[in-house]
Amino acid sequence: NPYAGLVSHLRAAWLSGKTRPMEYRVAQLEALGRFLDEKKQDILEATASDMGKPSFEAYFTEILLCKNELNNTLNNLSHWMKDEHVDKNLVTQLDSAFIRKDPYGVVLIIAPWNYPIHLFLVPLIGAIAAGNCVVVKPSETTKNSERLIAEMLTCYLDNDCFAVVTAGVQETTRLLENKFDYIFFTGTTSVGRIVMTAAAKHLTPVTLELGGKNPCYVSDTCDVQNVARRVAWGRFFNAGQTCIAPDYVLCSVEMQEKLMPALREAITEFFGSNPQESPDFGRIMGDKQFRRIRALLCSGRVAIGGQTDEKERYIAPTVLADVLPSDPAMQEEIFGPILPIVVVANMDEAIDFINARPRPLAIYAFSCDSKGVNQVLERTSSGGFCGNDTLMHVTLTSLPFGGIGNSGLGKYHGKFTFDTFTHHRGCLHRNMGLEALNALRYPPYSQQKLGLLTATFEIKRKGMCTLL
Amino acid sequence: MERMQEVVGRARAAFNSGRCRSLEFRMQQLKALERMVQEKEEEILAAIKADLHKVGHNAYSHEILGVLGELALAMDKLPSWAAPQPVKKNLLTMRDEAYICLEPLGVVLIIGAWNYPFVLIMQPLIGAIAAGNAVVVKPSEISENTARMVADLLPQYLDRELYPVVTGGVPETTELLTQRFDHILYTGNSTVGKIVMAAAAKHLTPVTLELGGKSPCYIDKDCDLAVACRRITWGKYMNCGQTCIAPDYIICDPSIQSKVVENIKATLQEFYGEDVKSSPDYERIINKHHFRRVLGLLEGQKIAHGGEADEASCFIAPTILTDVSPESKVMEEEIFGPVLPILTVKSVDEAIEFINRREKPLALYVFSNNKKLIKRVISETSSGGVTGNDVIMHFFLSTLPFGGVGNSGMGAYHGKHSFETFSHRRSCLIKDLKMEGTNKLRYPPSSQKKVGWAKFFLLKRFNKGRIGLFILALLGIVAAVVIKVSFG
């Protein structure tokens, strides 16, 4: 077991209690803040060279959103850490009853390549805030970011309690043989199953942030230009490599007609007449992904874009019209800058279409009629939902972010990250005196004792009289 | 026995029909459950008595009282639990609706245990129904009378398609676990817990595992031993020691060991009289297999009290062992029987170290007059839950989440925590289709100016109360206008 030494080193640090005082956690979190400030340029360069990430996108997602989470955590940490006192019943009135926020111990965070800094850093913030020791396993696909993270953690964080493991598939499998007290995984559904199966051997609780095909329903009553801009923005951000990107559009054939020129206009507005030359449009991560996504182009008909350049791993912002459910683009999560439009007769058909498929990470619905948006919300199930926009629900730290079914289990962001890495321990601290009151529960039992016990224990429905 | 696929498929179709989503429907089912418990009290108590030799009063207070309490709580609070929860917004989302929707997960599976066979099915079931799910109920086959009773009664009161009861042993449960569920709540031991989680992993099904372990009980020198020992005796020997949160073993200073034994002996006399076997209030071991297992733990031990056994009736007397070695068999596995080992340690440091060297237990108990010491033991150890200066009682306060950690389990339930366990918290952000102005700062082409605005909208922290909010709103409007002018 090549990682046994590392894990036991961290476990020893954990048992020493080093990570538990608030001052320690704050110091480590502030160090992360300094990393984001001091290494800003390095982060932008690493993500640019790894996958051609436009600097505005990198700044927004890998730095700004992370700083947001960091500030939110530092501002609220002392409040989150406090024992939470709970309502008591009659029997426990004189006792102290509270929920303690205990760290789990040594936790593992496995991050993917599409937002290589954000997707390890935001969970890490919560894990540190909750008082754990952490092993971080960044993606091996984004080599420059991986190197940056491996080098950085040793310089900014306490090496006794926090470690980075650089590993490919084989080594990660070996890493998962070790016992962790929590595993946080972001990635694909199939690897999610592998992680959970490995976790089951040690009864390790997990959070799995997976993916799926996020449907985007566009009703006939809507401001077409605004819809086109918001959908195009969400789809083509990071060249489509976003777990919550709108994966495909469902709309009527008339709306498809109207959307096409609007989408064309939005794409030109964003990236100019030749997106390949725009500094604001990203590239595909790796040749394998490029070839996979390119193969999806033979679905429906290419209405906008469709150009590719293998050398640059460039795929133009593309819209496919009249896509059929049996087409290649509808068989897997696209994770690329291709937006298929699937025509449906009406909203009911759209809802049935969505419900016939695995539950996605996000569902989007556009309509000027709020009733329409609410219908889609109420009759479907997904990790999260955004009406009349895309992606934005994850920028609000007070909303939990996570999937359901195939798109994942557990949630994080804001306080939810802290709670994810915390064991909520129910504590009752009783009085040693007043033993007479306990007599009701002791043998020998009798009907009389039971009657009195019932009176003190039971929660009564409001408005009901029990004297009868 | 119908194939599991059909039973689960029917439950799923029933769930998809949408009829269990309305609060009225859920309330109706919960009311029906309440009627069942009230009308069929005799049958329920008789089944529990047949399985565990538990006298009516005891069975009522352990298994029925709590259930009625949870039902009353759920029916009272359901509207507030199920209501969408608005969340704090930032500057960017100020004009939007942002809230968390509590939604049912779908079809959930509840696997019960044999030691409190009725309440360990009912309490999760209440939460699952309240949360709007379809529920497949699988009571433990070891407590066969209660299993039969549950299979008999539930269909008489609840919707038969939505809440089917499945009976059977290992083969049937294994087949059941191949089906897809949207949550599984399992109560039992860690070995089977791993099997359940591995089966769940194939479908990415979230699980709540209520497992076990050896719950330590530390008695400080500075404490009222008579009171402490009475409380411990109650918690240890109730249900003949077959309680997941029973104090499994005692750790204390060698100087008080004999006093502890004396006090427990005196309490046992008080509770069960001279001849424990003839006391109607003392239960029996569930079956021969466990009888032999528990008896085997006495081998080579110093028996300070008890030790008598009768295989025919699965009777094992309340037993105390002294000067137990940490390496002995009785310290290897969860005892789950009326055998109480006492181990001695020289200090609270040693006690804490001893506890931390072992798997995390479901419960931890510490008795002391010194509040600081209790706080210290709690903060330097880990366990599912804690009761200080008593045992078991944290289980009965439904505002406390009840569950394990590490080997003793994951997830929690009781009261509102049950409702949340069986719900999906879905984030909802509803924006205006108009007001495109502020969106422009996030669209390409990018610019340094846009970056500045992005920082402003995202990072500004305003905690200054109402006036701050007003100024904030004003700033927001000004900003929107400025942006429209610059980028419009």
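Residues numbered from 1 in each chain as written. Chains lettered and ligands numbered in written order. Predicted model: local features only at pLDDT ≥ 70, side-chain atom pairs only at ≥ 80, totals over all residues. Heavy atoms only, no water.

Rules: UniProt positions are given in the numbering used here, feature names are shortened, and annotations may be inferred rather than shown by experiment.
Under an unreviewed UniProt entry, the name given to chain B is Aldehyde dehydrogenase family 3 member A2, and the source organism is Pandion haliaetus. What the UniProt record of chain B gives under Subunit (unreviewed entry) is the line "Homodimer." A UniProt comment under Sequence similarities (unreviewed entry) is attached to chain B, and it reads "Belongs to the aldehyde dehydrogenase family."

By the naming in an unreviewed UniProt entry, chain A goes by AL3B1 dehydrogenase and is assigned to Pandion haliaetus. One UniProt comment on chain A, placed under Sequence similarities (unreviewed entry), says "Belongs to the aldehyde dehydrogenase family."

### Quick notes on the overall build of chain B
Defined as follows: For helices the rule is a DSSP run of H or I covering at least 4 residues; for strands it is a run of E covering at least 2, with both sets numbered from the N terminus onward. Think of it in three bands: with a 1.4 Å probe and only protein chains considered, a residue is buried below 20% of the maximum accessible area for its type, exposed above 50%, and partly exposed in between. Residues are treated as being in contact if the distance between any of their heavy atoms lies within 4.5 Å. What sets the accessible areas is the Shrake-Rupley method with a 1.4 Å probe; for residues, cover comes only from the shown protein chains. By the counting rule applied here, Lys and Arg register as positive and Asp and Glu as negative, while His and the ends of each chain are not counted. In this description, the location of a charge corresponds to atom NZ of lysine, CZ of arginine, CG of aspartate or CD of glutamate.
In terms of regular secondary structure, chain B is built from 16 helices and 17 strands. Overall size of chain B, expressed as C-alpha extent along the three principal axes, is 90 × 55 × 35 Å. Counting across all 488 residues of chain B, residues that qualify as buried make up 62%. Relative to all contacts within chain B whose residues are 6 or more apart in sequence, the contacts with residues 24 or more apart total 72%. In the form shown here, chain B has an accessible surface area of approximately 18,100 Å², with 54% of it arising from carbon and sulfur atoms. Charge separation in chain B, taken as the distance between the mean sites of 58 positive and 53 negative side-chain charges, equals 13 Å.

### Notes on the UniProt feature "active site" (unreviewed entry) in chain A
Residues and elements named next belong to chain A. Mapped onto the present numbering, the UniProt feature "active site" (unreviewed entry) falls on Glu209 and Cys243. Spatially, the listed residues are clustered: although they cover 35 residues, their C-alpha atoms lie within 9.0 Å of one another. As for its position among the elements, Glu209 is in strand E7 (residues 206-209). Ignoring any residue separated from it by four or fewer positions in sequence, one finds Glu209 in contact with Phe184, Phe185, Thr186, Gly187, Phe401, Gly402, Ser407, Gly410, Lys411 and Tyr412. Its place among the elements puts Cys243 in the loop between helix H9 (224-236) and strand E9 (248-251). The residues touching Cys243, leaving out its near neighbours within four places in the chain, are Asn114, Leu210, Asn214, Glu333, Phe335, Leu361 and Phe401.

### A short note on the sheet that holds strand E13 (residues 339-344) of chain B
Threshold: Only strands joined by at least two bridges in the DSSP assignment are considered to pair. Working convention: axes come from line fits to C-alpha atoms, limited for helices to the stretch in contact. Angles between N-to-C directions cover 0 to 180 degrees.
With respect to topology, 10 strands assemble into an open sheet ordered E1(A)-E2(A)-E18(A)-E15(B)-E14(B)-E7(B)-E8(B)-E13(B)-E12(B)-E9(B), the strand pairing being mixed. Each edge of the open sheet is held by one strand with a lone partner, namely strand E1 (84-85) of chain A together with strand E9 (302-305) of chain B. Two strands pair when backbone bridges link them, and strand E2 (residues 96-103) of chain A and strand E18 (residues 422-429) of chain A are joined in this way by 8 bridges, in the antiparallel orientation. From the neighbouring strand, Phe98 of chain A faces E18 of chain A, where its bridge partner is Cys427 of chain A. Along the sheet face, helix H12 (residues 348-356) of chain B touches strand E7 (216-219), strand E8 (249-252), E13 and strand E14 (363-367) of chain B and points at about 150° away from the line of E8 of chain B.

### Looking at the domain arrangement of chain B
All names here are of chain B. Condition: For the purposes of this description, domain bounds are those given by an automatic or database domain assignment. Buried area adds together the accessible area that both of two parts lose upon being put together, with accessible area traced by a 1.4 Å probe. Definition of a polar contact: a pair of N or O atoms within 3.5 Å, with one able to donate and the other able to accept a hydrogen when the atoms are protein atoms, and with sequence-neighbouring residues admitted only if both atoms are side-chain atoms.
Annotation of chain B at the domain level lists domain 1 (1-212 + 413-427), domain 2 (216-407) and domain 3 (447-486). Measuring from the centre of the C-alpha atoms in domain 1 to the corresponding centre in domain 2 gives 30 Å. Across the boundary between the two partners, domain 1 contributes 23 residues, which contact 24 residues of domain 2. Counting each side, the surface lost to burial between domain 1 and domain 2 is near 2,200 Å², with a carbon and sulfur contribution of 54%. Of all residues in domain 1, His53, Trp114 and His414 give up the largest surface area on contact with domain 2, accounting jointly for 25% of the area buried on that side. Put simply, domain 1 and domain 2 have 11 residue pairs in polar contact (both at pLDDT 80 or more) between them. Secondary structure elements with two or more residues in the side of domain 1 that touches domain 2: helix H3 (41-52), helix H4 (56-82) and helix H14 (415-421).

### Considering the sheet that holds E7 of chain A
Here 6 strands make up an open sheet; going across it, the order is E5-E4-E3-E6-E7-E17 (chain A) and the pairing mixed. Of all strands in the sheet, those bounded by a partner on one side alone are strand E5 (162-164) and strand E17 (408-409) of chain A.

### Points about unusual backbone geometry
Looking along the chain, the bond that leaves Pro443 of chain A and enters Pro444 of chain A is cis, with omega of -5°. Here Pro444 of chain A shows up in the loop between helix H15 (435-438) and helix H16 (447-457). That bond from Pro444 of chain B to Pro445 of chain B is cis: its omega, -5°, falls within 30 degrees of zero. Within the secondary structure, Pro445 of chain B is located in the loop between strand E17 (423-430) and helix H15 (448-459). Its identity is not glycine, yet Asn389 of chain B carries a phi of approximately 65°, on the positive side. Along the chain, the position of Asn389 of chain B falls in the loop between strand E15 (385-388) and strand E16 (409-410).

### Section: the state of the cysteines
Test applied: Pairs of cysteine sulfur atoms within 2.5 Å are what we label disulfides.
Scanning the model with the defined rule gives 0 disulfides over all chains in all. Cys216 of chain A carries a free sulfur, and the closest cysteine sulfur to it, the one in Cys251 of chain A, is 9.1 Å from it. You can see Cys428 of chain B has no disulfide; the closest cysteine sulfur is in Cys101 of chain B, sitting 4.0 Å from it.

### Some thoughts on the domain arrangement of chain A
A common measure of how large an interface is: the accessible area buried when the components associate. All names here are of chain A. Applied cut-off: Salt bridge criterion: a side-chain nitrogen from Lys or Arg within 4 Å of a carboxyl oxygen from Asp or Glu. The residue classification treats Ala, Val, Leu, Ile, Met, Phe, Trp, Tyr, Cys and Pro as nonpolar and Asp, Glu, Lys and Arg as charged. All others, Gly included, are polar.
Domain parsing of chain A yields domain 1 (3-210 + 410-423) and domain 2 (215-406). Each side of the interface is counted separately: domain 1 has 27 residues, and domain 2 has 25 residues. The contact between domain 1 and domain 2 buries some 2,200 Å² in all, and 58% of this surface belongs to carbon and sulfur atoms. When the area that domain 1 buries against domain 2 is broken down by residue, the three leading residues are Glu57, Trp113 and His413, summing to 23%. Linking domain 1 to domain 2 there are 0 salt bridges. Between domain 1 and domain 2 we count 8 residue pairs in polar contact (both at pLDDT 80 or more) in total. Secondary structure elements with two or more residues in the side of domain 1 that touches domain 2: helix H3 (40-51), helix H4 (55-81) and helix H8 (189-200). The element contributing the most residues to the side of domain 1 that touches domain 2 is H4, with 7 residues. When its residues are assigned to classes, the side of domain 1 that touches domain 2 shows 9 nonpolar, 11 polar and 7 charged.

### Some details on helix H13 (residues 370-379) of chain A
The line we're drawing: The directions from the helix axis to the C-beta atoms are what the arc is built from.
Inspection of H13 of chain A places Gly372, Val373, Val376 and Leu377 of chain A among the buried residues, and these make up the whole buried set. Each buried residue of H13 of chain A sits inside an arc of 135° when the element is viewed along its axis, so together they form one side. Those residues of H13 of chain A that are exposed and angled more than 90 degrees off the buried face are Lys371 and Glu378 of chain A. Those residues of H13 of chain A that are buried are in contact with strand E8 (215-218), helix H12 (347-355), strand E15 (362-366) and strand E16 (384-387) of chain A together with strand E2 (97-104) and E17 of chain B.

### What to know about the packing of aromatic side chains
The geometry of an aromatic ring pair comes down to the distance between the two centres and the angle between the two planes. Convention followed: Between the rings of Phe, Tyr and Trp (Trp by its six-membered ring), a pair exists once the centres lie within 6.5 Å; its type follows the angle of the planes, with under 30 degrees stacked, over 60 edge-to-face, and the other angles tilted. To sit over a ring, a charge needs its Lys NZ or Arg CZ within 6 Å of the ring centre and within 35 degrees of the ring normal.
Scanning the model with the defined rule gives 26 aromatic pairs over all chains in all. Here the aromatic rings of Phe184 of chain A and Tyr412 of chain A are separated by 4.7 Å at their centres, their planes lie at 75°, and the arrangement is edge-to-face. With Phe184 of chain A in strand E6 (residues 182-186) and Tyr412 of chain A in the loop between E17 and helix H14 (415-420), this pair connects stretches of sequence that are 228 residues apart. Assigned by exposure class, Phe184 of chain A and Tyr412 of chain A land together as buried. Where Tyr272 of chain B meets Tyr282 of chain B, the ring centres are 5.2 Å apart and the plane angle is 70°; that geometry is what we call edge-to-face. Of this pair, Tyr272 of chain B sits in helix H10 (residues 257-272) while Tyr282 of chain B sits in the loop between H10 and helix H11 (288-296), and the two are 10 residues apart along the sequence. Under the relative-accessibility criterion, Tyr272 of chain B is labelled buried at 6%. Clustering of aromatic rings is evident, with ring pairs tying together Trp233, Phe237, Phe270, Phe271, Phe281 and Tyr314 of chain A together with Tyr443 of chain B. Above the face of the Trp233 of chain A ring, Arg442 of chain B is positioned so that its terminal group lies 3.8 Å from the ring centre.

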